[in-house]
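What follows is the residue order along each chain.
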Amino acid sequence: MSTLKINNLSKTYANGVKALDNVSLELENGMFGLLGPNGAGKSSLMRTLATLQEADSGTATLDDIDILNDPAELRKVLGYLPQEFGVYPRITAEQLLTHLAILKGITNAKERKELVNYLLDKVNLYEKRNKSVKGFSGGMKQRVGIAQALIGNPKLIIVDEPTAGLDPGERNRFYNLLADVGKEVIVILSTHIVEDVRELCTKMAIMNLGEIVYHGSPQSAIEALNGKVFQKIVSRDQLQGYATDYKIISNKMVGGQPLIHVFSEEHPQNGFEQVAPDLEDVFFSRINTSNVLV
Ligand code: ADP
């Protein structure tokens, strides 16, 4: 069992944007969902943990490794799937994984061949091992990305926005693969897609404007909203008025009309009906929702 401890990490970029604002989290083995809208600071946090950039202050440790002061040690036990996994053109899946295994220091050819075969099999690409990665679908490329992240028995795997651009079938296969991997190591899944976290994660944090605004289980966050979410179909030209009078937490089009969810301690009456809250309500109720109407 490993433990990742993040304490008061802060980072302000040269342009003045405070991407990390005193971020503290503690994680153990399993799938951890880091949910936040675009620009929340997720990638900044992931890149800092992956030792690709420095923080201004704070600490981060994985067991006895000081991540910020000893990045070389961390890299030995890190698997990282960045937002854009750059694949080399005209190279087969097997060649690519072999090349990356060499870079990760697996020098014994026999051991490397066994590992690459094992990984190709694990991500269900063994049959396609001699095909050019360039021609792979988005989902297949992501599975190559997971395979390379597994080289070297990592204790920590960081996956940044992995399901963007995948179709539902590919996303499902990717979920299954991650769930399988996540049993034995710490996996941080950074995403703006609520469904990714709902499907996969027992623990989560919600990030907004560089801050952690929730840390706990998806279930207890949902329970905290019980009896406080109400919905109503309104017309489009009424939306602005509702936004003034109520705390709108989401706005979806249903049959061409806006269906709004509002947060309220008491029943708002006025044609609203109470609904069972879901993780999407949790997400939107905890982040700045001023852009919900656009
Ligand atoms: P997320 O991954 O949640 O979308 P990011 O960590 O990419 O968030 O970005 C957080 C904030 O920091 C955003 O406002 C973004 O524009 C800004 N930002 C990210 N990287 C840089 C950078 N290298 N220089 C300046 N600003 C940056």
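Just so we're clear, the structure is a prediction, and the values are computed from it rather than from any experiment.

A. Just the packing of aromatic side chains, in detail. According to the stated counting rule, one finds 4 aromatic pairs in the structure shown. Pairing Tyr 246 with Phe 272 gives two aromatic rings, centres 4.9 Å apart and planes at 55°, and the pair type is tilted. Of this pair, Tyr 246 sits in the loop between α9 (239-245) and β12 (247-254) while Phe 272 is found in the loop between β13 (257-263) and β14 (273-274), placing the two residues 26 residues apart along the sequence. Taken individually, Tyr 246 and Phe 272 each receive the classification buried, so the pair is uniform in this respect. Seen from their ring centres, Phe 283 and Phe 284 are 5.1 Å apart, and the 50° between their planes marks the pair as tilted. Overall, Phe 284 belongs to the partly exposed group, its relative accessible area being 25%. The ring of Phe 272 has Lys 232 lying over it, and the distance from NZ or CZ to the ring centre is 5.5 Å. Of note, Lys 247 hangs over the ring of Phe 263, and the distance from its end group to the ring centre comes to 5.2 Å.

B. Region of interest: the nonpolar core. Membership of the largest hydrophobic core comes to 54 residues, with the highest contact counts inside it found for Ile 146, Ile 157, Val 159, Leu 178, Val 187 and Ile 206. Mapped onto the domain boundaries, this core takes at least three residues apiece from domain 1 (3-214) and domain 2 (227-275). Within the second largest apolar cluster, 28 residues are counted, among which are Leu 9, Leu 34, Leu 45 and Ile 188.

Conventions and cut-offs
- Residues numbered from 1 in each chain as written.
- Predicted model: local features only at pLDDT ≥ 70, side-chain atom pairs only at ≥ 80, totals over all residues.
- Heavy atoms only, no water.
- Phe/Tyr/Trp six-rings, centres within 6.5 Å; stacked < 30°, edge-to-face > 60°.
- Helix = DSSP H or I, 4+ residues; strand = E, 2+ residues; numbered from the N terminus.
- Buried < 20%, exposed > 50% of the residue type's maximum accessible area, 1.4 Å probe, protein only.
- Lys NZ or Arg CZ within 6 Å of the ring centre and 35° of its normal.
- Core = buried A, V, L, I, M, F, W, Y, C linked by side-chain atoms within 4.5 Å.
- Domains from an automatic or database assignment.

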